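Topology and contacts: notes
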Amino acid sequence: MMSIRSTSALRGAGRKRGRMTGPKDKSFAIPKLLVWEAWRQVKANKGAPGVDGQDLDAFEADLEGNLYKVWNRMSSGTWFAAPVRAVEIPKPHGGGTRMLGVPTIADRVAQTTVAMFLEPLVEPRFHQDSYGYRPGRSPHDALAVCRQRCWKYDWAIDLDVQKFFDEVPWDLIVRAVEAVTDCRWVLLYVKRWLHAPLQHPDGTLEQRSRGTPQGSAISPCLANLFLHYAFDSWMAREIPGCPFERFADDVIVHCKSRAQAEAVLARIAERMNEVGLRLHPDKTRIVYCKEKAPG
């Protein structure tokens, strides 16, 4: 019922503007219903306004018109990303601050449209021990599996990828997306969002050359896709005897001995360097699992 009304409303919004066009007149065939479903998800996730100051209520005040504008511009290839509002938040346990990038509501709808298009393509490919930002999975699931494996493996590597969301290389993100789809509009808009500058509280714009800001609606999907190829698939292929749990850029790898853990850590550090990343020298550590199975 909601879907039928939503699609009809988009058609009506186009007619009001006197320029509703059919799919053959558009550069890209993007389903209107996908844009509506993306809005519903953006609204459910809530969140603060972007650089234009428009909040969810203001966007919803002219919902049909705003969603038509998103669909129309995305379909015609003329959607360009607004700057991303930079917001510093404190890290837990007094660990300094983390920079979030808050897109505009309209950009969040557009990004979520792409993320929802990609989800059925990437989910079947993802490793069973990837838990972050995936439907039906949570940190508690990762923790439960980790505890079970600590009964079987005496040693674990606690991996911390240093500034992952700030330093992940753009060219490798795009290659990861290209590995799952050749859809031109998806690739076009992923590239544009990657290049969107950060706007700081004083109004200055920071042009970036790498990274995908936390807070962006598309970043979790891009991060998972990148790390699937950069880490998950590589581990399964190169070091199959050491299971792991990964939640976004936080990873625990299980090993039989201290010597094996040291050797595996060295190989992972080399792999991270190959894909343009670094392990945090102070936060990455090898730990002994004292907990054992009862009996």
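Our subject is the structure that appears above.
A short tour of the structure in this document, coming up. Given the structure is predicted, the values throughout are model-derived calculations rather than measurements. (Residues numbered from 1 in each chain as written. Predicted model: local features only at pLDDT ≥ 70, side-chain atom pairs only at ≥ 80, totals over all residues. Heavy atoms only, no water.)

Considerations on the sheet that holds strand S4 (residues 198-199)
- Pairing within the open sheet is mixed, and its four strands lie in the order S2-S1-S4-S5. If you trace the sheet from one side to the other, it starts and ends with strand S2 (97-102) and strand S5 (205-206), each paired once.
- Pairing between strand S1 (residues 84-90) and S4: two bridges, direction parallel. Bridge assignment links Arg85 to a residue of S4, and that residue is Gln199. (Pairing = 2+ DSSP bridges. Helix = DSSP H or I, 4+ residues; strand = E, 2+ residues; numbered from the N terminus.)

Thoughts on the side chain of Thr104
- With respect to the helices, strands and loops of the structure, Thr104 is situated in the loop between S2 and helix H5 (105-122).
- For Thr104, the side chain forms a polar contact with the main-chain nitrogen of Asp107, separated by 3.1 Å.
- Contacts of Thr104, omitting those with residues within four sequence positions, involve Gly50, Val51, Asp52 and Ala82. (Polar contact = N/O pair within 3.5 Å; in protein donor to acceptor, adjacent residues only side chain to side chain. Contact = heavy atoms within 4.5 Å.)

With respect to the pattern of salt bridges
- Summed over all chains, the structure comprises 12 salt bridges.
- Its salt-bridge partner being Arg40, residue Glu37 comes within 3.2 Å of it at the nearest N-O pair. Taken together, the residues span about one helical turn, with Glu37 and Arg40 both in helix H2 (residues 32-45) at a distance of three residues.
- Assessed through its relative accessible area of 40%, Arg40 is described here as partly exposed.
- A salt bridge links Arg285 to Asp158; the shortest N-O distance between them is 3.6 Å. Here Arg285 is found in strand S8 (residues 285-288), whereas its partner Asp158 is found in strand S3 (residues 155-160), with 127 residues between them in sequence.
- Looking at Arg285, the relative accessible area reads 47%, which means it is partly exposed.
- On the basis of relative accessible area, Asp158 is assigned to the partly exposed category, the value being 23%.
- Look at the salt bridges and you will find they share partners, linking Asp129, Arg149 and Glu245 into a network. (Salt bridge = Lys/Arg side-chain N within 4 Å of Asp/Glu carboxyl O. Buried < 20%, exposed > 50% of the residue type's maximum accessible area, 1.4 Å probe, protein only.)

In short, shape yes, function no, at least from these values alone.
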